[in-house]
Amino acid sequence: MKLWGGRFEHGPAELFEQFSGSLDFDRRLLEADILGSKAFASALASVGILTCEDREIVHRAFDEILSEAREADMFGEAEDEDIHTFVIRKLDEKAGSLSQKIHTGRSRNEQVATDFRLWMKTEINAIQELLVGLMGVLLDFAMREPDALLPGYTHLRRAQPVLWAHYLLAYFEMFARDWQRFDDAYRRTDVLPLGSGALAGSGFPFDRQAMADELGFSKLSANSIDAVSDRDFALDFLYAAAGTMLHLSRLAEDWILYSGEEFGFLELGDEVTSGSSLMPQKKNPDACELVRGKSGRVSGSLLSLMMTLKGLPLSYNRDLQEDKEPVFDAAAQLSGCLAVMKLTVQTAAIHPDRMEAAADESWVSATALAEELSKKGVPFHRAHQIVGKLVLESVRTGNRPQDWTTGELKEIASEFDDKARDLLTARSALSNHVVPGGTASSVLLGALEEAGKRLEAMRRTQ
Ligand code: ARG
């Protein structure tokens, strides 16, 4: 079956049919196409193209197709040009000649835009749920280990001590922003193109609002030319997906490092690691590595669609068929990564003793020490110099921070005293950061509570 042909003297070459067909991938739009077609059948009834009885027959036929599709793969060897043609052929099998009327005043240009938006709205909700799941286990981990500290890094050099929970909440913040970005993407996707026709608006006075209500769209597209050619909503989705993958990739990279012998902070679960076929001792962080690797692929999908859209003349062009594979692939990769990363977090355990030892044997307390001196009136520049000298002396002598006595400190600079000496452990340096958003334990408790409330609010809006 074809939805066109009268103007041609013979059919297309098989080569071209294979080249241009999209059923292989747009079959994912089956459910959306049927829902959209049901709403369209209602619109046809309201302008008198279908009788009320016709509409009932068509609706029942569509429902049957849908339930059959949910039970089994109904595509088999189907060779239809695209999902829209496939659905009309199925309708023809069930409702006979009525199927010839279903496309009255409708173009596949508006249909595919409607289907894609419907599909994406469902997908965004599913991804937001996965994000909430991941944020939930990060928060659980933080609450399980409220006291553990590790050296915080800048330039991948030990910088200042931070609580493990504070570190985890950094990722909570990233994923909360991602959740928000998907929420924004949802709002821009939630616009009904149906009624736009091929580009000029339908030739029938359809009640577009009724179709929007039936399909659960909260807005109508305002311009038919834009409605059939706009894929900004898909770009928004891909940007949100690529951003989330970027955050997942950074978490994966941190944990690949932290779980390696050189850091030794973290033990990844057997559930998400693999062995080597040759080296019996290996426990490789493959789940994290794959997440890191897939993030490049999803960024590529964003760029791919941007390049497809660049320079397209208005309005619909067949190039737009290239919008779907990057989006489908990005959605599948992102969902997989969110689920795997959740399992990775759930099955990981930390070695708080090793983390603290790494912090204590380094100079993560140096900043707190300099700040303590400046609180007592030493100009910060001088305080910085003094502590720098102390660190240099330590490097020369092999002293660790705690090896210094107050007396020895005073020999380096008279401004040092017992209070300063006490700051030389990572844990005491940590308590210095009581500013809102800082890492001190007293601040963390409030931050955990606040994060829990925000997560609840996100759950409630699902
Ligand atoms: N498969 C097409 C797409 O994904 C559907 C729309 C076809 N429209 C057309 N005028 N050929 O964009």
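Residues numbered from 1 in each chain as written. Predicted model: local features only at pLDDT ≥ 70, side-chain atom pairs only at ≥ 80, totals over all residues. Heavy atoms only, no water.

Engineer: I'm lost on unusual backbone geometry in this one. Help?
Structural biologist: Among all residues save glycine, negative phi is the norm, and among peptide bonds the norm is trans. Each neighbour pair has its own omega, and for Leu314 with Ser315 the value is 0 degrees, a cis peptide bond. Turning to its location among the elements, Ser315 is positioned in the loop between helix 11 (286–309) and helix 12 (324–346). The backbone phi angle of His155 is positive, close to 55 degrees, even though this residue is not glycine. Structurally, the position occupied by His155 is in the loop between strand 1 (149–154) and strand 2 (157–163). Looking at His155, the relative accessible area reads 72%, which means it is exposed. (Helix = DSSP H or I, 4+ residues; strand = E, 2+ residues; numbered from the N terminus. Buried < 20%, exposed > 50% of the residue type's maximum accessible area, 1.4 Å probe, protein only.)

Engineer: What should I look at first to understand the pairing of strand 2 in this one?
Structural biologist: Side-chain positions along a regular strand alternate between the two faces of the sheet. Where strand 1 and strand 2 come together, six bridges link them in antiparallel fashion. Looking at strand 2, one finds that Leu149 is bridged to Leu163. (Pairing = 2+ DSSP bridges.)

Engineer: In this structure, what is going on with the site of the ligand? I would like to understand it.
Structural biologist: Within the structure, the ligand sits among Ser22, Asp82, His84, Arg108, Asn109, Val112, Tyr316, Arg318, Gln321 and Lys324. Within the side chain of Asn109, one N or O atom sits 3.1 Å away from a nitrogen atom of the ligand. Taking Tyr316, its side chain carries an N or O atom lying 2.5 Å from an oxygen atom of the ligand. Considered on its own, the ligand offers 340 Å² of accessible surface; in the complex 87% of this is hidden by protein. Counting residues per element, the shell around the ligand draws most heavily on helix 6 (residues 108–144), at three residues. Class assignment of the residues belonging to the shell around the ligand gives a composition of two nonpolar, four polar and four charged. (Near = heavy atom within 4 Å. Polar contact = N/O pair within 3.5 Å; in protein donor to acceptor, adjacent residues only side chain to side chain. Areas by Shrake-Rupley, 256 points an atom, 1.4 Å probe, with all protein chains shown as cover. Nonpolar A, V, L, I, M, F, W, Y, C, P; charged D, E, K, R; others polar.)

Engineer: So what exactly am I meant to see when it comes to the state of the cysteines here?
Structural biologist: Should the sulfur atoms of two cysteines be covalently bonded, the bond is a disulfide. Following the criterion strictly, the structure yields zero disulfides and no others. Cys288 provides the cysteine sulfur closest to Cys337, a residue in no disulfide bond, and the two sulfurs are 10 Å apart. (Disulfide = S-S within 2.5 Å.)

Engineer: Whenever I open this one, the packing of helix 10 (residues 232–258) against helix 11 confuses me. Can you help?
Structural biologist: Think of two packed helices as two axes; the pair is described by the angle between the axes and how far apart they sit. Two elements in contact, helix 10 and helix 11, have axes separated by 8 Å at closest approach and are oriented at 160 degrees. When the axes of helix 10 and helix 11 are compared, the pair comes out roughly antiparallel. Classified by chirality, the crossing of helix 11 by helix 10 is left-handed. Among the residues making up the contact of helix 10 with helix 11, the classes are represented as 19 nonpolar, four polar and four charged. (Axes fitted to C-alpha atoms, helices over the stretch in contact; angles between N-to-C directions. Parallel < 35°, antiparallel > 145°, perpendicular 65-115°, else oblique. Left-handed = near helix turned anticlockwise from the far one by under 90°.)

Engineer: Is there a simple way to explain the nonpolar core in this structure?
Structural biologist: What tends to happen in soluble globular proteins is that the nonpolar side chains get buried as a cluster. Counting 115 residues, the largest nonpolar core has Met135, Trp164, Leu248 and Trp255 as its most contacted members. Residues within four places of Trp255 in sequence aside, it is in contact with Phe141, Trp164, Tyr167, Leu168, Leu266, Leu268, Cys288, Thr344, Val345 and Ala348. (Core = buried A, V, L, I, M, F, W, Y, C linked by side-chain atoms within 4.5 Å. Contact = heavy atoms within 4.5 Å.)

Engineer: Please clarify how helix 14 (residues 366–375) should be interpreted in this entry.
Structural biologist: Each turn of an α-helix holds 3.6 residues, which means side chains three or four residues apart point in the same direction. Along helix 14, the residues that are buried comprise Ala366, Ala368, Leu369, Ala370, Glu372 and Leu373. Tucked inside the fold, the buried residues of helix 14 contact helix 15 (380–397), helix 17 (418–422) and helix 18 (426–430). Positive phi appears at Gly377, one or two residues downstream of helix 14, with a value of about 110 degrees.

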